[in-house]
Amino acid sequence: MVKWLSFIYLFFTVFTSTASFSQSKLNAFLTPSDTLNKSRRNVVVISETTLASMSLIGLNQLWYSDYDRSKFHTLNDNNEWLQMDKMGHVFTSYQLGRVGANVLNWSGVRKKDQLLYGATLGFGFLTAVEVLDGFSKEWGFSWGDVLANATGTGLYISQELLWKEQRIDVKYSFHQTKYASQNPEKLGEGLLEEILKDYNGQTYWLSVNLHSFLKETKIPKWLNVAVGYGAEGMLKGTEDIDNQLLTSYNRERQFYLSFDVNLEKIKTNSPLLRSVFSIFNMIKMPFPTLELSNKKCVFHLFYY
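A quick note: this is a predicted structure, and the numbers were derived from the prediction, not measured.

### Some remarks on the overall build of the protein
Reasoning step 1: Scanning the protein from N- to C-terminus turns up eleven helices and six strands.
Reasoning step 2: Looking at the protein as a whole, 47% of its 304 residues are labelled buried.
Reasoning step 3: Excluding contacts between residues fewer than 6 apart, the proportion of contacts in the protein whose partners are at least 24 apart in sequence is 70%.
Reasoning step 4: Accessible surface for the protein amounts to roughly 16,100 Å². Of this, 62% is attributable to carbon and sulfur atoms.

Here you go:
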């Protein structure tokens, strides 16, 4: 549920900064400002504040209204979904923070403020959603989720402070699985829902740019090595020993080693293409992949 809202929020945050113009005006519009552009900054602040407020109000009225309210309470869900939900929080917080910092950079805001007010966008928004969870009887405030949110935000900010660039990106890939049809309420019904809800088909990656660590070599600037984490055999958050249907699969963790492409390192003079590359750089590119799981080693010609 949180990922549904976060993906929509991420899309509209980017969309408000990429309105359609003629080609020349569009290029000028997409080019980051060298100095503080107050008009751009105001558009960013107003757009993000409005979208965040509307999202939280809509969530409170539409989603939580289907469940009984309660006093604020916490929930320990750290053992659910083999921690795939926590990886989703890391990814979403990192990517929202990246977008938040980038749109402030586009506005000419100084680096310190990009990190202070932009890179923390994901953590702030997801924590607000977590508070709403805390007042719902069906859910609960999860400190594990908050820690995952902080990890995603911290990964972005720490790299900017240490290297002034993102050498390690958090990425996502997905493939459809046989599990969703057996519990569509939890895992989604149809491709769009499954992309966001079926943890069995999701993989989260740390994609490392080789050239940024080995600048004196001839390694292509766009070439990355990616380490991924996934899991399968899950029809609900935890195993249910009283329901044979839900325990008919072995729940197992999967680890992956693969190559990847850093789209933001591809040279182009087009501000539009740079913007497109920046958006799609959150997706891990299909490549030959080595999978390690349950003491097995499997080679995939193309894994996504």
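### Comments concerning the nonpolar core
Reasoning step 1: Counting residues in each nonpolar core, the largest one holds 24 residues, and the members touching the most others are Trp81, Met84, Phe91, Ala119, Tyr156, Leu187 and Met234.
Reasoning step 2: For this core, the secondary structure elements donating two or more residues are helix 4 (84-106), helix 7 (143-163), strand 1 (168-174) and strand 3 (223-232).
Reasoning step 3: Counting residues per element, this core draws most heavily on helix 4, which supplies four residues.
Reasoning step 4: Residue contacts for Trp81: discarding those within four places in its chain leaves Lys186, Leu187, Tyr199, Met234, Leu235, Lys236, Gly237 and Arg251.

### Some thoughts on the pattern of salt bridges
Reasoning step 1: Per the counting criterion, the structure on display carries ten salt bridges.
Reasoning step 2: Two residues, Lys86 and Asp77, come together in a salt bridge whose shortest N-O distance is 3.0 Å.
Reasoning step 3: The class for Lys86 is buried, based on a relative accessible area of 9%.
Reasoning step 4: According to the relative accessible area criterion, Asp77 is buried, its value standing at 9%.

### Some words on the side chain of Lys86
Reasoning step 1: Inspection of the secondary structure assignment puts Lys86 in helix 4.
Reasoning step 2: There is a polar contact of 2.9 Å between the side chain of Lys86 and the side chain of Asp85.
Reasoning step 3: Within the structure, the side chain of Lys86 is placed 3.0 Å from the side chain of Asp145, a separation counted as a polar contact.
Reasoning step 4: Sequence-distant contacts of Lys86, that is, excluding residues within four places in its chain, are made with Asp77, Asn78, Ser142, Gly144, Asp145 and Ala148.

### Section: the packing of helix 6 (residues 121-134) against helix 7
Reasoning step 1: For the pair helix 6 and helix 7, interaxial distance at closest approach is 9 Å and the crossing angle is 170°. With respect to helix 7, the axis of helix 6 lies roughly antiparallel. Along its contact with helix 6, which presents Phe123, Leu126, Thr127 and Glu130, the element helix 7 presents Asp145, Val146, Asn149, Ala150 and Thr153.
Reasoning step 2: Tallied by class, the residues present in the contact of helix 6 with helix 7 amount to four nonpolar, three polar and two charged.

### Considering the sheet that holds strand 3
Whenever strands of a sheet pair, they do so through backbone hydrogen bonds, lying parallel or antiparallel.
Reasoning step 1: Reading across the sheet, the six strands line up as 1-2-3-4-5-6 and stay open at both edges, with antiparallel pairing between neighbours. Each edge of the sheet is formed by a strand with only one pairing partner; in this case those strands are strand 1 and strand 6 (296-303). Strand-to-strand, the axes of this sheet are offset by a mean angle of 25°, without reference to chain direction.
Reasoning step 2: Sheet strands touched by helix 4: strand 1, strand 2 (202-209) and strand 3. Its angle to strand 1, the strand with the most contacts, is close to 125°.

### Focus: the confidence of the model for the protein
Reasoning step 1: Chain-level statistics for the protein give a pLDDT mean of 89 and a share of 89% at 70 or above.
Reasoning step 2: Of the regions scoring below 50 in pLDDT, residues 17-21 engages in ten contacts with residues more than four places distant in sequence or in other chains.

### Comments concerning helix 5 (residues 111-118)
Reasoning step 1: Here helix 5 has its buried residues at Asp113, Gln114, Leu115 and Gly118.
Reasoning step 2: In this structure, the buried residues of helix 5 make contact with helix 4, helix 6 and helix 7.

### Regarding the packing of aromatic side chains
Reasoning step 1: If you walk through the whole model with that rule in mind, you get 16 aromatic pairs.
Reasoning step 2: Here Tyr179 and Tyr249 contribute two aromatic rings whose centre-to-centre distance is 4.9 Å and whose plane-to-plane angle is 85°, an arrangement assigned as edge-to-face. Taken together, the residues Tyr179 in the loop between strand 1 and helix 8 (184-187) and Tyr249 in the loop between strand 3 and strand 4 (252-261) connect sequence positions 70 residues apart. Tyr249 shares its class with Tyr179; the two are buried.
Reasoning step 3: One aromatic cluster is present, formed by Phe72, Phe135, Phe141 and Trp143 through successive ring pairs.
Reasoning step 4: In this structure, Arg167 is placed above the aromatic ring of Phe213, and the distance from its NZ or CZ to the ring centre is 5.1 Å.

Parameters at a glance
Residues numbered from 1 in each chain as written. Predicted model: local features only at pLDDT ≥ 70, side-chain atom pairs only at ≥ 80, totals over all residues. Heavy atoms only, no water. Helix = DSSP H or I, 4+ residues; strand = E, 2+ residues; numbered from the N terminus. Buried < 20%, exposed > 50% of the residue type's maximum accessible area, 1.4 Å probe, protein only. Contact = heavy atoms within 4.5 Å. Areas by Shrake-Rupley, 256 points an atom, 1.4 Å probe, with all protein chains shown as cover. Core = buried A, V, L, I, M, F, W, Y, C linked by side-chain atoms within 4.5 Å. Salt bridge = Lys/Arg side-chain N within 4 Å of Asp/Glu carboxyl O. Polar contact = N/O pair within 3.5 Å; in protein donor to acceptor, adjacent residues only side chain to side chain. Axes fitted to C-alpha atoms, helices over the stretch in contact; angles between N-to-C directions. Parallel < 35°, antiparallel > 145°, perpendicular 65-115°, else oblique. Nonpolar A, V, L, I, M, F, W, Y, C, P; charged D, E, K, R; others polar. Pairing = 2+ DSSP bridges. pLDDT = per-residue confidence, 0-100. Phe/Tyr/Trp six-rings, centres within 6.5 Å; stacked < 30°, edge-to-face > 60°. Lys NZ or Arg CZ within 6 Å of the ring centre and 35° of its normal.

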